[in-house]
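Here's the letter readout for the chains.
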Amino acid sequence: MRKPAVALAAITSAMALAATPALAAIPTIFSTSGGDPYFPAAGNGGYDAKHYFLDLKYDTATKAMDATAQIRLKALSDLGKLSFDLLGPTAPSGGLTVERVRIGSTNQSFVQQGNELVVTLATPLRAAEMTELTVDYAGTMGQPLDIEEAPYGFYTFADGAMVANEPDGAKTWYPVNDIPSDKATYEFNVTVPVGKTAVANGELISKRTKDGWTSWRWRSADVIASYLTTASIGDYDLTTDRTSTGLPIINAVDRDFSAANKATIASRLARQPAIVEYFESVFGPYPFTSFGGIWDDNSLGYALETQTRPIYSYNGRNITGEGTVVHELAHQWFGNSTTPEYWTDIWLNEGFGTFAPWLWTEHNGGLTTAQQFTSIYNGRAANHPGWVKAPSNPGPEDLFNDAVYTRGGLTLAALRTKIGDSAFFGLVKEWAQQQKQANYTTADFVAMAEKWSGQDLDNFFNVWIHTPGKPAPGSW
Ligand SMILES: [Zn+2]
């Protein structure tokens, strides 16, 4: 998930530990909730989204969006109604007004209720039937904030927009089933004033300029969770690099950076092929058809692992460090390909996002992961804020808590020591190479760790993942 653009200040949390919310089943009947315990308003029940084609025209001068979304989906039960998440027109940051919903040429009746678009189908769908809806919508784009009041979604700046949806911000720019468990393939046709560059996930398949506008068409043949989609717009120069096995690395760098900053970014980009190649040796084949990064001189305050093309903010002082590039690259395996079913399990993303740069450091002759563990464990007294929470179930307002990141990484380092390198790296590779279309829980990870190690690890994970407070020496 996210990685702050500046070093994490000590996070203090006066928030009492929330009671564990029950995991709802993902609904297979019409519902305006996808069943996530942290974000019950996100997602929808009754269908499986298969493909989104987003045809967006965005005017950077007026911030006006005029868009059409084609959504191919499969009904999971007989359905007379469908709903999608979409920021409603009365949203404080500016929202989107739906003008027309149709299937083929047949108009469908619809209503926008807050951040839900509810469509009543002219002809009900039968279970397992496929259909394709076309939604025309428009609005003036703004600066949406997430539950923690951090910038997210389609976040506009004077020269364009940085688009980073985690956790439920895809709804700020298209109608969507906005939960991590409903992945789909995507194609984007983003039309912007000539001179601007639009960068989305996957690969650029065409670029056409007409009447003062340029349409940038990108396609991801691999499925994407909605929180990992992007269509960022700015003054970017595109360059393409390749790993030794030919994987394209497509980078977008803001032309507005100073020459010195461009040189620093170039040094980060130059390292990417070697990092990909190292991680392929540890985690198995890179899961997607391209990689790269979007380097913007504006700031969301963090970086995000948007699929195939992470976004890097500029904090006005330092260019994002190599550790963050390593973190976002590791997420392509951990989080993007192997994705948690619910947000309660975000430590499975961020624990690996923290641990992977330690592995890279060890690979380059620095501290081993065991040495990193000892340094952090010994350096944090029992009252350090990083021990306040357990990594599992941090609560919806603490998805990006230090317990999820650092303690998640410490958990993996401790696990490596406990079960040994052979079992640990076998586990890591199998975990990384699971089916992209599926989603996973902490219980799945524990079961796989027990399989590889032949050990009962209930106590280990109870101590490290489920119990607040600094684990006592010898307790795991
Ligand atoms: Zn992360």
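Residues numbered from 1 in each chain as written. Predicted model: local features only at pLDDT ≥ 70, side-chain atom pairs only at ≥ 80, totals over all residues. Heavy atoms only, no water.

1. Some points on the sheet that holds strand S6 (residues 106–107)
Link 1 in the chain: With mixed pairing, the 8 strands of this open sheet are ordered in space as S6-S5-S9-S3-S2-S12-S15-S14. The two strands at the open ends of the sheet, each matched to only one other strand, are S6 and strand S14 (203–210). (Pairing = 2+ DSSP bridges. Helix = DSSP H or I, 4+ residues; strand = E, 2+ residues; numbered from the N terminus.)

2. What about the packing of helix H3 (residues 347–363) against helix H5 (residues 402–432)?
Link 1 in the chain: Running from N to C, H3 and H5 point in directions that differ by 70°, and their axes come no closer than 8 Å. Of the possible angle classes, the one that applies to H3 and H5 is roughly perpendicular.
Link 2 in the chain: Taken together, the residues that form the contact of H3 with H5 break down as 15 nonpolar, 6 polar and 3 charged. (Axes fitted to C-alpha atoms, helices over the stretch in contact; angles between N-to-C directions. Parallel < 35°, antiparallel > 145°, perpendicular 65-115°, else oblique. Nonpolar A, V, L, I, M, F, W, Y, C, P; charged D, E, K, R; others polar.)

3. A look at the pattern of salt bridges
Link 1 in the chain: Counted by the stated rule, this structure contains 16 salt bridges.
Link 2 in the chain: The shortest N-O distance in the salt bridge between Asp168 and Lys171 comes to 3.4 Å. We note that Asp168, like Lys171, is buried.
Link 3 in the chain: With its nearest N and O atoms 3.0 Å apart, the salt bridge here joins Asp222 to Lys436. With a gap of 214 residues between them, Asp222 in strand S15 (residues 213–224) and Lys436 in the loop between H5 and strand S23 (439–440) connect regions that are remote in the sequence. (Salt bridge = Lys/Arg side-chain N within 4 Å of Asp/Glu carboxyl O. Buried < 20%, exposed > 50% of the residue type's maximum accessible area, 1.4 Å probe, protein only.)

4. Comments concerning the pairing of strand S10 (residues 153–157)
Link 1 in the chain: The element S10 is largely enclosed, with a buried count of 5 among its 5 residues.
Link 2 in the chain: With antiparallel pairing between neighbouring strands as the criterion, S10 and strand S11 (residues 160–164) make up a hairpin whose turn holds 2 residues.

5. With respect to the sheet that holds strand S17 (residues 236–242)
Link 1 in the chain: Overall, mixed pairing links the 4 strands, which are arranged S17-S18-S19-S21 in an open sheet. Only two strands of the sheet have a single partner each, and these edge strands are S17 and strand S21 (311–312).
Link 2 in the chain: In this fold helix H1 (residues 259–283) packs onto S17, strand S18 (248–254) and strand S19 (291–295), with an angle of close to 165° to the strand it touches most, S18. (Contact = heavy atoms within 4.5 Å.)

6. Points about the nonpolar core
Link 1 in the chain: Membership of the largest hydrophobic core comes to 123 residues, with the highest contact counts inside it found for Trp173, Phe279, Phe283, Phe445, Phe461 and Trp464.
Link 2 in the chain: Top element by residues in this core is H5. It accounts for 14 residues.
Link 3 in the chain: Of all hydrophobic cores here, the second largest spans 10 residues; its members include Val253, Trp295, Ile319 and Val325. (Core = buried A, V, L, I, M, F, W, Y, C linked by side-chain atoms within 4.5 Å.)

7. Section: the pairing of S18
A regular strand places its side chains on the two faces of the sheet in alternate fashion.
Link 1 in the chain: Buried residues dominate S18, accounting for 7 of its 7 residues.
Link 2 in the chain: Burial of S18 is two-sided: the residues Pro248, Ile250, Ala252 and Asp254 facing one way and the residues Ile249, Asn251 and Val253 facing the other way are all buried.
Link 3 in the chain: Relative to S18, S17 is paired through 7 bridges, and the arrangement is antiparallel. Along S18, the bridge assignment pairs Leu238 with Ala252.
Link 4 in the chain: With 5 bridges joining them, S18 and S19 adopt parallel strand pairing.

8. Remarks on unusual backbone geometry
Link 1 in the chain: In this structure, the amide linkage connecting Glu166 to the following residue, Pro167, adopts the cis form with an omega of 0°.
Link 2 in the chain: In this structure, Ala128 takes a positive phi of about 75° despite not being glycine.
Link 3 in the chain: Residue position: Ala128 is located in the loop between strand S8 (116–125) and strand S9 (130–140).
Link 4 in the chain: With phi around 65°, Glu149 is a residue other than glycine that occupies positive phi space.
Link 5 in the chain: Structurally, Glu149 can be placed in the loop between S9 and S10.

9. Describing helix H7 (residues 458–466)
Link 1 in the chain: Here H7 has its buried residues at Phe460, Phe461, Val463, Trp464 and Ile465. Down the axis of H7, the buried set is contained in an arc of 165°. They therefore lie on one face. (Arc of directions from axis to C-beta.)

10. Things to note about the packing of aromatic side chains
Link 1 in the chain: All told, the structure shown has 40 aromatic pairs when counted by the stated rule.
Link 2 in the chain: Ring centres of Tyr227 and Trp343 lie 4.8 Å apart, and the angle between their planes is 65°; on these two criteria the pair is classed as edge-to-face. With Tyr227 in the loop between S15 and strand S16 (231–234) and Trp343 in the loop between strand S22 (339–340) and H3, this pair connects stretches of sequence that are 116 residues apart. Pair check on accessibility: Tyr227 and Trp343 agree, each one buried.
Link 3 in the chain: For the cation-ring pair, Lys57 lies above Trp213, with the distance from its terminal atom to the ring centre recorded as 4.3 Å.
Link 4 in the chain: The cationic tip of Lys470 hangs over the ring face of Tyr377; the distance from NZ or CZ to the ring centre is 4.3 Å. (Phe/Tyr/Trp six-rings, centres within 6.5 Å; stacked < 30°, edge-to-face > 60°. Lys NZ or Arg CZ within 6 Å of the ring centre and 35° of its normal.)

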